[in-house]
Amino acid sequence: QVQLVESGGGLVQAGGSLRLSCAASGSIESIGTMGWYRQGPGKQRTLVATITSGGSTNYADSVKGRFTISRDNTKNTAYLHMSRLNPADIDVYYCYARVRTVVAVWGDYWGQGTQVTVSS
């Protein structure tokens, strides 16, 4: 069993910053790619940013230059630093991790989601 617990969402004024955290725990042998996705009501979940175990990153065009993804492999934790936020960034943000469990099975796991709201 693997759990992803997110924290750090909330309400911020336009132009402000937030940092999201995602801590993975459970029967983990290793973690591959981790990432953040977003989803609005009635919409598909879409990529925000991903980071491999080696630190290679990938970003949606809409967040390049404003958001930074990072991870601490010693803590099985990923972060998303969000800056220059604007109302278009409002959504529920979900953490993702590709995890190899202690029984040597790879699986995809998701957090419960954290709401990000930006006031104009």
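What you see as residue numbers is a count from 1 along each chain, following the sequence as written. For this predicted model, a pLDDT threshold of at least 70 governs which residues receive local features, and a threshold of 80 or more governs which side-chain atom pairs are given and counted, while totals over whole chains, interfaces and linings are taken from all residues. Each side-chain value is worked out from all heavy atoms of the structure, with water and hydrogens disregarded.

Participant: Tell me about the packing of aromatic side chains, and name the residues and values.
Facilitator: Between rings of Phe, Tyr and Trp, where Trp is taken as its six-membered ring, a pair exists when centres lie within 6.5 Å; planes separated by under 30 degrees are stacked, by over 60 edge-to-face, and by other angles tilted. Taken as a whole and assessed by the stated rule, the structure comprises 3 aromatic pairs. Measuring from centroid to centroid gives 6.1 Å for Y37 and Y96, while their planes differ by 75 degrees, and the two rings are edge-to-face. Residue Y37 is found in strand β4 (residues 28-39), and its partner Y96 is found in strand β9 (residues 91-101); the two are separated by 59 residues along the sequence. Accessibility assignment for this pair places Y37 and Y96 in one class, buried. Taking the relative accessible area as the measure of exposure, Y96 reaches 13% and is therefore buried. Aromatic rings pair up to connect Y37, Y96 and W110 into one cluster. We call a charge positioned above a ring when the Lys NZ or Arg CZ atom is no farther than 6 Å from the ring centre and deviates by at most 35 degrees from the ring normal. The lysine or arginine in question, R45, covers the ring of Y94, its NZ or CZ lying 3.7 Å from the ring centre. Numbering of helices and strands runs from the N terminus; a helix is a DSSP stretch of H or I covering at least four residues, while a strand is a stretch of E covering at least two. Partly exposed describes any residue whose relative accessible area lies between the buried limit of under 20% and the exposed limit of over 50%, with all areas from a 1.4 Å probe on protein chains only and scaled to the type maximum.

Participant: Run through the state of the cysteines, naming residues and quoting values.
Facilitator: Here, a disulfide means two cysteine sulfur atoms that sit within 2.5 Å of each other. All told, the structure shown has 1 disulfide when counted by the stated rule. Linked covalently through their sulfurs, C22 and C95 form a disulfide whose S-S length is 1.9 Å. Every disulfide takes its handedness from the sign of the S-S torsion; for C22 and C95 that torsion is -80 degrees, giving left-handed. You can see C22 sitting in strand β3 (residues 18-26) and its partner C95 sitting in strand β9, a full 73 residues away along the chain.

Participant: Help me get a handle on the pairing of strand β5 (residues 46-51), residues and values and all.
Facilitator: As paired strands, β4 and β5 are joined by 5 bridges and run antiparallel to one another. Along β5, the bridge assignment pairs M34 with I51. When β5 meets strand β6 (residues 57-59), the two strands line up antiparallel, connected through 3 bridges. Its bridge partner being in β6, A49 is matched across the sheet by Y59. The hairpin formed by β5 and β6 contains 5 residues between the paired strands, and G55 there has a positive phi angle of roughly 100 degrees. When DSSP finds two or more bridges between a pair of strands, those strands are recorded as paired.

Participant: For the sheet that holds strand β1 (residues 2-7), give the residues involved together with the corresponding values.
Facilitator: Here 4 strands make up an open sheet; going across it, the order is β1-β3-β8-β7 and the pairing antiparallel. If you trace the sheet from one side to the other, it starts and ends with β1 and β7 (67-72), each paired once. The mean inter-strand angle of the sheet, taken between neighbouring strand axes irrespective of direction, is 15 degrees. Pairing analysis gives 6 bridges linking β7 to strand β8 (residues 77-82), with the strands arranged antiparallel. Looking at β8, one finds that F67 is bridged to M82. Axis lines are fitted to C-alpha atoms, over the contacting stretch for helices. Their N-to-C directions set the angle, which ranges from 0 to 180 degrees.

Participant: Could you give an account of the pattern of salt bridges, naming the residues involved and the relevant values?
Facilitator: What makes a salt bridge here is a side-chain nitrogen of Lys or Arg within 4 Å of a carboxyl oxygen of Asp or Glu, nothing more. In this structure the tally under the stated criterion is 5 salt bridges. Across the pair R66 and D89 runs a salt bridge, and its minimum N-O distance is 2.8 Å. One end of the pair, R66, is in the loop between β6 and β7; the other, D89, is in the loop between β8 and β9, with 23 residues separating them in the sequence. The buried category is assigned to R66, whose relative accessible area is 10%. With a closest N to O distance of 3.1 Å, R98 and D108 form a salt bridge. On the criterion of sequence distance, the pair formed by R98 in strand β9 and D108 in strand β10 (residues 106-110) is long-range, its members being 10 residues apart.

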